[in-house]
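Now for the letters of each chain:
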Amino acid sequence: MNRKMRHGAKRSSVPCPFLLVVCLILACSCSLIEKSVSIVPRGDEGPKTDAIRVIFTDFRQAFANLDFAGIVEKELDADSLALMQGMRLVMAGDMAAAEFVFRKLAVTAAAAWSKVIATEILVQVFYFQSKWKNLHEMFAPVPGANPVAEKSDLSFLELSESMAEYYRFPDHPVVLPLELSISGTPIVRLRINGQWEKFWLDTGSGFTVLASDLADKLKIFPLNRTRTHAATGFNKQVAARLTVIETIRIGALEITRHPAMIVQKKNLFFKIPGLIQRRITKNTGVRGILGMNAIKNLSIRIDYRNRKIIIVRPRPAGRERNCFWMGYPILVCRTMDGVRLNFGLDSGAKDSIISPNIFAKIKPGVTYRSRVKVWGIGGEMKIKTQVLSDLKIIAAGHSVGFKDIVVLPLNQFGFVKLDGILGGDFFYGCGSLVFDLANGVFSIGNAHEHF
């Protein structure tokens, strides 16, 4: 989705991927692709030699891949050096310091490209810190602009003027039974404005989402008549309106004044093949999604083996950071030779996928062509694409092997070139995992003692 941004008196159009409603991707092939994921502790397994570096053609390519290992800082101009330093702060979780860098760069950069990228990153930094006033100032319509042309712009004015969101954590962990949707997405039972509901726990959704009929039932109304057009996993635009949920209770955890989006019910339901007979389709969908603007404030263990979800207040764990936010939760992975890979974490996606970008980094493997039908929120697509027979990567200290993983373009994440998305098959294969974006930690197994 494109939004008009403000740099003093100037504006430029940049993508705003944090408004993704959901990137649910259900990759199912008409030619009976057999998919599997294996996850085992790495132990002594690779990389066994010094890490191999990918040689990028220029700084822009290296920056898009968030890989600065081969960059010689003294050869960079001032804009490029500031971009790299600011992005390193983002990856280190120091959003306040990153904001200072990108605020300055968005105004003073000599190159237009640097200004656009700095502004795009600044949007994500503001979002992560819930700085709605700053986002409103960036998205506010230009004075004197055509009101018809501007009517779909999302205004954050009401959020900036409302009382701040607040999280009240209990003294003990919140333990909930784990349910899974038909597509494998974790489901949490929560209480909204006194009413019990079941929401998908979706790390691929930038905002918490309410279906329009549920919003009506709970008497949750849009802040104003302004609509935005949020993107789905198919790059389809769906209408959405901003709102605030007064109270959400997840066990003994209470969230007050939580920003969310209202989306038409019809856009949150779709059909997928039957689990027993492929000729039979099943209607599935969601009335509510607990999105990243809530999840980023929580430390969550999903225990698939024991069917539990455990939630605590995020606390520094003294572990090396391996994930961060840049329009999407991104997990830093490696090839078996040590080459850096960037994978999105999407608990709302049924299957993991890879993008064509990865083929510049991995050793050539056996691929074949296949007709693939992809289902998800926003409709379905039939495409002819590549399938990689075998892929092995290192993620969170584990060797992760994929069999017959589908290749799909991932162009909806701004300037960042993702190498793939780790979906529900990966999450389930972990057995038990912890996702704590506030501290930049994604771990597999029982690594967090405070749980």
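Residues numbered from 1 in each chain as written. Predicted model: local features only at pLDDT ≥ 70, side-chain atom pairs only at ≥ 80, totals over all residues. Heavy atoms only, no water.

1. Some thoughts on helix H4 (residues 112-128)
- With 17 residues, H4 ought to run about 24 Å at 1.5 Å a step, and its terminal C-alpha atoms sit 25 Å apart, in line with that.
- One or two steps after H4, the chain reaches serine 130, where phi turns positive at roughly 55 degrees. (Helix = DSSP H or I, 4+ residues; strand = E, 2+ residues; numbered from the N terminus. Expected span 1.5 Å × (residues − 1).)

2. With respect to the side chain of threonine 335
- Summarising the element assignment, threonine 335 is placed in strand S20 (residues 329-335).
- Beyond its immediate sequence surroundings of up to four residues, threonine 335 is in contact with Leu341, Lys361, Ile362 and Ile394. (Contact = heavy atoms within 4.5 Å.)

3. So, unusual backbone geometry
- In this structure, leucine 66 takes a positive phi of about 55 degrees despite not being glycine.
- Following the sequence through the fold, leucine 66 ends up in the loop between helix H1 (59-64) and helix H2 (78-91).
- Unlike most non-glycine residues, aspartate 404 shows phi in positive territory, near 55 degrees.
- Secondary-structure assignment places aspartate 404 in strand S25 (residues 398-407).

4. Describing the pairing of strand S6 (residues 174-177)
- The two faces of S6 differ: Val174 and Leu176 on one face are buried, but Val175 and Pro177 on the other face are not.
- One ladder, built from four bridges, connects S6 with strand S18 (residues 308-312); its direction is antiparallel. Looking at the pairing, leucine 176 lines up with isoleucine 309 of S18. (Buried < 20%, exposed > 50% of the residue type's maximum accessible area, 1.4 Å probe, protein only. Pairing = 2+ DSSP bridges.)

5. Quick notes on the environment of alanine 111
- Mapped onto the secondary structure, alanine 111 falls in the loop between helix H3 (95-108) and H4.
- As for alanine 111 and serine 80, which are separated by 31 residues in sequence, their C-alpha atoms are 9.6 Å apart.

6. As for the packing of H2 against H4
- At a minimum axis separation of 11 Å, H2 and H4 run at an interaxial angle of 15 degrees. With respect to H4, the axis of H2 lies roughly parallel. Like other packed secondary-structure pairs, H2 and H4 cross with a definite hand, here left-handed. Contacts from Asp79, Leu83, Met87 and Val90 of H2 reach H4 at Trp113, Ser114, Ile117, Ala118, Ile121 and Val125.
- Partitioned by chemical class, the residues of the contact of H2 with H4 number eight nonpolar, one polar and one charged. (Axes fitted to C-alpha atoms, helices over the stretch in contact; angles between N-to-C directions. Parallel < 35°, antiparallel > 145°, perpendicular 65-115°, else oblique. Left-handed = near helix turned anticlockwise from the far one by under 90°. Nonpolar A, V, L, I, M, F, W, Y, C, P; charged D, E, K, R; others polar.)

7. Looking at the packing of aromatic side chains
- For the coordinates displayed, the defined rule picks out 15 aromatic pairs.
- Taken together, a centroid distance of 6.4 Å and an interplanar angle of 20 degrees make the contact between tyrosine 167 and phenylalanine 169 stacked.
- Their ring planes at 90 degrees and their centres at 6.0 Å tell us that phenylalanine 426 and phenylalanine 427 sit as a pair that is edge-to-face. Neither phenylalanine 426 nor phenylalanine 427 differs from the other in exposure class; each is buried.
- Linked through ring pairs, Phe59, Phe63, Phe68, Trp113 and Phe415 together constitute an aromatic cluster.
- Between the NZ or CZ atom of arginine 189 and the centre of the ring of tryptophan 196, over which it lies, the distance is 4.1 Å.
- The ring of phenylalanine 128 has lysine 296 lying over it, and the distance from NZ or CZ to the ring centre is 5.4 Å. (Phe/Tyr/Trp six-rings, centres within 6.5 Å; stacked < 30°, edge-to-face > 60°. Lys NZ or Arg CZ within 6 Å of the ring centre and 35° of its normal.)

Don't take any of this as a statement about function, it's just geometry.
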